[in-house]
Amino acid sequence: MRKQPFYWLYLILFSAKAVFAQQIVNIWVTDPSARVNFGVESLKTALSSAGYKVTLNKSIAKNSYQVVVGIAANSTFQKLILGQKLTLAANSSKESFELLKQPTSALFVSGNDASGALYGCLELVDQLKKNKRLPQQLSLKDQPEMVLRGTCIGIQKPVYLPGREVYEYPYTPETFPWLYDKAQWIKYLDMMVENRYNSLYLWNGHPFASLVKLKDYPYALEVDEATFQKNQELFGFLTTEADKRGIWVIQMFYNIIVSKPFAEKHGIKTQDRNRPIVPLIADYTRKSIAAFVEKYPNVGLLITLGEAMEGQGQDDVDWFTKTIIPGVQDGLKALGKTTEPPIVLRAHDTDAPRVMKSALPLYKNLYTMAKYNGEALTTYTPRGKWADLHRSLSRIGTVHVENVHILANLEPFRYGSADFIQKSVQAMHNVYEANGLHLYPQASYWDWPYTADKAEKRLFQLDRDWIWYKTWARYAWNSKRERPAEINYWGNQLAEKYGLPLDKGKDVLEAYEQTGEILPKLLRRYGITDGNRQTLTLGMLMTQLINPFRYGLFTLMYESEAPEGEMIIEYAEKEWNRQPHLGETPVKVADEVVVHGQKAVEAIERAAASVTQNKEEFGRLRNDVHCQDAMANFYAEKARASLSVLRFKYSNDVRDLEKALPHLEKSVNHYAKLVALTKDTYLYANSMQTQQRKIPMRGVNGTYKTWEEMLPVFEKELNTFKRKIDSL
């Protein structure tokens, strides 16, 4: 009986044929869930800013503008749209939406689910900002290509904590003060929903001992009681706010790590890569996961089976199916729930297809994840065994997620090549057959939330690297956008950012896209590893360029993560033997990166005089362009010197060494320029500052992390080379 007046009111409002006045907007909400309400609140704010008077579910004048927001399958929503003689498009895709309005009808914001209704509201906000007014007629449908579109934050540090090993970072205000800053979290989550991300991954080795207490192992908690209470309150806040925005929080953990108090109690190590599965650790881990799921039912899990239990074969299967999945199920049983939270299996050093074959009969809401790019961005055209692995995971029967992992070769400079990123996402679909994105911060993963920029106040990655997050998200939603329109889109984005006319905004885009080719090309032809053991932007020694194999870190990224081509050592041998060269060569890359640098500098300088806002940030971007130009020339000259030195190996002619000398001298001069450009603008080049960094120099106690520290090394190398030529 209560619903009768409600329906009667709708019928009166929607049968009116008057022309709607735009000054009053009434929003009717048929599905008041947390996500729908968040979308409606965003719409209300945008309408008020545009000068409209907004009411919600009110009986107002018949000439008002009516907006109806809801889920398509809702019976009330269906009756309302049928009463307007409108028909929604059939669509069963998750997160899809439709905006539909005829001249005399209400505007319907229809979502296939709550997230779809949320995104429909946000699309209407974008339309309002673009057109400055609500539409009189509209028919727009959209849906995301990728099922999961997520970003990650590392709750980790650039250095080890005293008395601990890698990945061991309890959640405390002393270690991570930013973790407890709710205003920063709201800002980050707002960025995510604005860009239509729907998953947030938190990376940590063993988070459970900071977030839950175990009845059977009370001593395992590794934070004090006050911090524990803060952690629980913070995690509850974060997951609630994320859910409003259609975002799953997914907690990552490594295998098999236990808390330090637990390890000390039982006389074992916190982690041991060769440790077999033992009942004590299995029971502790299962109960940790169960308690976590019971406390935070809207949180998923990301597990790396192959990190602290490396290459254990059947043990991986058993640990996943007999410890992790049962732990999640125990937590759900305690809650009296059956809806499975997502579990993402990271295919790092484990036989993921084998694990999934055993796991899928036990648990359905499973995903796989693998590194798209190793630990450096090298190409958008993956091939070989790397591509085969991803395709096999994509064909298992679950969604496969591409992990844009640590961007070691891009640190610490800004990166915003829309062209490179769009082609990368297209490769995820077309080559890897994947349907999910997991995105690392562009720089300083280990030093979140700060960038490496030297400034009066530390810069936040969220602010500095806005274009990184926006670009990947745009193409994760739709990778098939036409290139000419994309140039205009990004040109406009950059023009608005820096107060430029459109043509100058396109110049900034050109600078981004030219520099966007430099670092990937340098690493894939000259680098020793695609991992985070090398700081590419600090340069390389001559011996490292001439013979990477001697350093023990060499990885065959050339076979899978780079276009077909040759290393320096291969090129020199073929050149001496007068054999034909294959694909992308070191000489070709040397020539190309110099041109990329030159074009980038020219483009950024064309825009510089017209900048009217965000001038300090533009100055930093401009400096980055000049840095990468200097670095391109440094590597190009050093590669040419290396080829002459390798030729001497075959010819035994000292004139080949003499030809190398001017190239080596020029490379040092370019490096000196790089030092001058970075000395007062950057705190460090690499965010991982442990002994694991080995190329070009091993970083011990935080050393060899700046260009100024490396310059004497290259000057010494040059002087030694001169002396050797003289002695010959």
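Model, not experiment: these values are computed from the prediction. (Residues numbered from 1 in each chain as written. Predicted model: local features only at pLDDT ≥ 70, side-chain atom pairs only at ≥ 80, totals over all residues. Heavy atoms only, no water.)

When its secondary structure is counted, the protein chain shows 23 helices and 14 strands. Its C-alpha atoms give the protein chain a radius of gyration of 28 Å, near enough to 27 Å, the size a compact globule of 728 residues would have. When its C-alpha atoms are laid out on the principal axes, the protein chain stretches across 105 × 65 × 50 Å. Looking at the protein chain residue by residue over its 728 residues, the buried ones come to 60%. (Helix = DSSP H or I, 4+ residues; strand = E, 2+ residues; numbered from the N terminus. Rg over C-alpha atoms; globule rule 2.2 N^0.38 Å. Buried < 20%, exposed > 50% of the residue type's maximum accessible area, 1.4 Å probe, protein only.)

Below, the discussion takes up the packing of aromatic side chains. Here the distance between the centres and the angle between the planes together describe a pair of aromatic rings. As enumerated under the stated definition, the model contains 40 aromatic pairs in all. For the ring pair Trp-178 and Trp-185, a centre distance of 6.2 Å and an interplane angle of 55 degrees mean the geometry is tilted. Look at Trp-178 and you get buried, because its relative accessible area is 12%. Using a relative accessible area of 3% as the deciding quantity, one classes Trp-185 as buried. Ring geometry for Tyr-217 and Tyr-219: centres 6.2 Å apart, planes at 90 degrees, overall edge-to-face. Exposure remark for Tyr-217: the relative accessible area of 8% places this residue in the buried category. Among the aromatic residues, those joined into a cluster by ring pairs are Tyr-169, Phe-176, Trp-178, Trp-185, Tyr-188, Trp-448 and Tyr-469. Lying across the ring of Tyr-219, Lys-265 places its NZ or CZ 5.2 Å from the centre. (Phe/Tyr/Trp six-rings, centres within 6.5 Å; stacked < 30°, edge-to-face > 60°. Lys NZ or Arg CZ within 6 Å of the ring centre and 35° of its normal.)

With that settled, consider the pairing of strand S13 (residues 399-404). Burial analysis of S13 places six of its six residues in the buried class, the great majority of the element. Side chains of S13 alternate between two faces, with Val-399, Val-401 and Asn-403 and His-400, Glu-402 and Val-404 buried alike. Relative to S13, strand S12 (residues 366-371) is paired through five bridges, and the arrangement is parallel. Across the sheet, residue Lys-371 finds its bridge partner in S13, namely Asn-403. You can see the chain leave S12, run along helix H12 (residues 384-394) and come back into S13, and the turn it takes is right-handed. (Pairing = 2+ DSSP bridges. Right-handed = clockwise from strand over helix to strand, strands pointing away.)

A few words on helix H9 (residues 279-295). Given 3.6 residues to a turn, an α-helix orients residues that are three or four positions apart in the same direction. Its 17 residues give H9 an end-to-end C-alpha distance of 24 Å, which sits within 8% of 24 Å, the value for a rise of 1.5 Å per residue. Three or more residues of H9 are buried, namely Ile-281, Ala-282, Tyr-284, Thr-285, Ser-288, Ile-289, Ala-290, Ala-291, Phe-292 and Val-293. Looking at the buried positions of H9, the neighbouring elements they touch are helix H6 (208-211), helix H7 (225-244), strand S9 (248-254), helix H8 (260-266), strand S10 (299-304) and helix H10 (314-335). (Expected span 1.5 Å × (residues − 1). Contact = heavy atoms within 4.5 Å.)

Before going further, it helps to examine the sheet that holds S9. On the basis of which strands lie adjacent, the closed barrel formed by eight strands has the order S7-S8-S9-S10-S11-S12-S13-S14 and parallel pairing. Taking each pair of neighbouring strands and ignoring which way they run, the sheet shows an average axis angle of 25 degrees. Sheet analysis places strand S7 (residues 148-154) next to strand S14 (residues 436-439), joined by four bridges and oriented parallel. Its bridge partner being in S14, Leu-148 is matched across the sheet by Gly-436. Along the sheet, H9 makes contact with S9 and S10, crossing S10 at roughly 155 degrees. (Axes fitted to C-alpha atoms, helices over the stretch in contact; angles between N-to-C directions.)

This part covers the sheet that holds strand S4 (residues 97-101). Pairing is mixed across the open sheet formed by six strands, whose spatial order is S2-S1-S3-S5-S4-S6. Strand pairing shows two members of the sheet lacking a second neighbour, strand S2 (53-56) and strand S6 (138-142), which therefore form its edges. Taken over all neighbouring pairs, the strand axes of this sheet differ in orientation by 15 degrees on average, direction set aside. Bridging between strand S1 (residues 24-29) and S2 involves four bridges; their strand directions are parallel. Paired with Ile-24 across the bridge in S2 is Lys-53.

Moving on, we come to the confidence of the model for the protein chain. Across the protein chain, the average pLDDT comes to 90, with 94% of residues at or above 70. Here residues 1-21 scores under 50 on pLDDT; set against residues more than four positions off or in separate chains, the count is 33 contacts. (pLDDT = per-residue confidence, 0-100.)

Relative to the helices and strands, Ser-105 is located in the loop between S4 and strand S5 (107-111). Judged by relative accessible area, Ser-105 falls into the buried class, the value being 3%.

This part is about helix H23 (residues 707-727). Along its 21 residues, H23 runs 30 Å from first to last C-alpha, staying within 8% of the 30 Å computed at 1.5 Å per residue. Of all the positions in H23, only Trp-707, Met-710, Leu-711, Val-713, Phe-714, Glu-717, Leu-718, Phe-721 and Ile-725 are classed as buried. The inward-facing, buried residues of H23 contact helix H18 (542-546), helix H21 (615-651) and helix H22 (654-678).

At their nearest, the axes of helix H13 (residues 418-430) and helix H17 (residues 502-526) sit 7 Å apart, and the two run at 60 degrees to each other. Relative to H17, the element H13 is oriented oblique. In this structure, H13 contributes Ala-418, Asp-419 and Phe-420 to the contact, and H17 contributes Leu-509, Glu-513, Gly-516, Glu-517 and Pro-520. In the contact of H13 with H17, the residues fall into four nonpolar, one polar and three charged. (Parallel < 35°, antiparallel > 145°, perpendicular 65-115°, else oblique. Nonpolar A, V, L, I, M, F, W, Y, C, P; charged D, E, K, R; others polar.)

For the bond from Trp-448 to Pro-449, the omega torsion is 10 degrees, close enough to zero to count as cis. With respect to the helices, strands and loops of the structure, Pro-449 is situated in the loop between S14 and helix H14 (461-464). Residues Ile-695 and Pro-696 are joined by a peptide bond in cis, for which omega reads 5 degrees. Here Pro-696 is to be found in the loop between H22 and H23. Here Arg-196, not a glycine, exhibits a phi torsion of approximately 65 degrees, which is positive.

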